[in-house]
Amino acid sequence: MTATVDRRRTNRAPYLLLIPAIGILLVGMGYPLIWQIITSLQEYGLKQQFGQPAPFVLFDNYVELATDPQFWTVVAKSIAFCLVTAVITLAIGVLFALLMNAVGRAPRIILQIALLLAWSMPVVAAMTVWIWLFDRRRGAVNYLLDMIPGVDINRFNWLETPTTFFIVASVIVIWMSVPFVAFSSFAGLTQVSEEVLEAAALDGANGRQRFFGIILPMIKPVIAIVFLLQIIWDLRVFTQITMLQDAGSKSSEFDLLGTYIYKLGTKSQDFGMASAVSILVLAITILLSWFYIRSLLKEDES
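To keep things clear, this report deals only with the structure shown in the data block. Since we're looking at a predicted model, the values are computed, not measured.

Below, the discussion takes up helix 5 (residues 123–133). Restricting attention to buried positions, one finds in helix 5 the residues Ala 126, Met 127, Trp 130 and Leu 133. Buried positions in helix 5, seen along its axis, are confined to an arc of 115 degrees and lie on one side of it. For helix 5, the elements touching its buried residues are helix 6 (140–146), helix 7 (162–189) and helix 10 (239–247).

Attention now goes to the environment of Asp 270. In this structure, Asp 270 sits in the loop between helix 11 (257–267) and helix 12 (271–301). Between the C-alpha atoms of Asp 270 and Gly 204, which are 66 residues apart in sequence, the distance is 64 Å. Filtering out sequence-adjacent residues up to four positions away, Asp 270 remains in contact with Tyr 44, Leu 264 and Gly 265.

Another point: the pattern of salt bridges. Taken as a whole and assessed by the stated rule, the structure comprises 2 salt bridges. A salt bridge links Lys 250 to Asp 246; the shortest N-O distance between them is 3.7 Å. A salt bridge links Lys 263 to Asp 255; its shortest N-O distance comes to 3.0 Å. Summarising the burial analysis for this pair, Lys 263 and Asp 255 share the class buried.

Looking at the largest pocket, its volume works out to about 630 Å³. Where the lining of the largest pocket is concerned, the elements lending two or more residues are helix 1 (2–40), helix 9 (207–235), helix 11 and helix 12. Broken down by element, the lining of the largest pocket gets its largest block of residues, 8 residues, from helix 12. Classifying every residue of the lining of the largest pocket by side-chain character gives 13 nonpolar, 5 polar and 1 charged. Quantified by volume, the second largest pocket comes out at close to 290 Å³. Every residue lining the second largest pocket is counted, 13 residues in all, and those nearest its centre are Val 123, Val 173, Met 176, Ser 177 and Gln 240.

What counts and how
- Residues numbered from 1 in each chain as written.
- Predicted model: local features only at pLDDT ≥ 70, side-chain atom pairs only at ≥ 80, totals over all residues.
- Heavy atoms only, no water.
- Buried < 20%, exposed > 50% of the residue type's maximum accessible area, 1.4 Å probe, protein only.
- Helix = DSSP H or I, 4+ residues; strand = E, 2+ residues; numbered from the N terminus.
- Arc of directions from axis to C-beta.
- Contact = heavy atoms within 4.5 Å.
- Salt bridge = Lys/Arg side-chain N within 4 Å of Asp/Glu carboxyl O.
- 1 Å grid on protein atoms, 1.4 Å probe; cavity = no way out; pocket = protein on both sides within 12 Å on 5 of 7 lines; lining within 4 Å.
- Points joined across faces, edges and corners; volume = space filled by probe spheres on them.
- Nonpolar A, V, L, I, M, F, W, Y, C, P; charged D, E, K, R; others polar.

Structure (structure tokens):
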């Protein structure tokens, strides 16, 4: 009887230890979320700028968003942008991880230092360099491309049209995110048994077969988590788009969800609508990542 009671107390101990962490999360994240939900049910206008309380309009903000074609255009662009950049980032990051795992100690250290420098550079400083690189008059990108025979790209403005604007934005976001994916994937690769790979090579498996048949299934949990984080981060990208807009056009055609919310809340002072969009972004993030969360839960259960 005493052993059973002790076992129950032991089983409860981990849950009791989690209570402080859960409490901090509820206070730190729950309060802003509740405040956003309440604000999304209110209407803000000129009177509220002079201290008048915002009246509750319940779900009118959400109804207006649901019938706003501009909002859904921004949502479609944001989802497409985050999926494309996340997939490319994951592919390049895994390739860098494989390269670090294949080369010797000295080249690996040099490559890791280069990735760390790119990763640790402040966003504003990095964006200043990237904007200069794509500058239409003094940019190094136009200068180098113009040196290619048959390519006439002198004074080409990369930030003039939405297509080239988002190509530049994708390059910058991918460049800033690849180091995280590379280091995370490399950490997963260090757990792959060399004996298993050698046995597969002796059985005649080539590099492609070893990667897809052995390496990829073993590092799949790491890749799934990294890809999930990339989708969340790229869906909420803000600083890069804002600084590119400051250097180019501030038209709504160049907006993603982050800048769209910023313009609603800061420039239009429509905090109710901005909060409603924020809640919808949270819902979109959960929907996009539900597949990966469900697969991770199934793996934990098995």
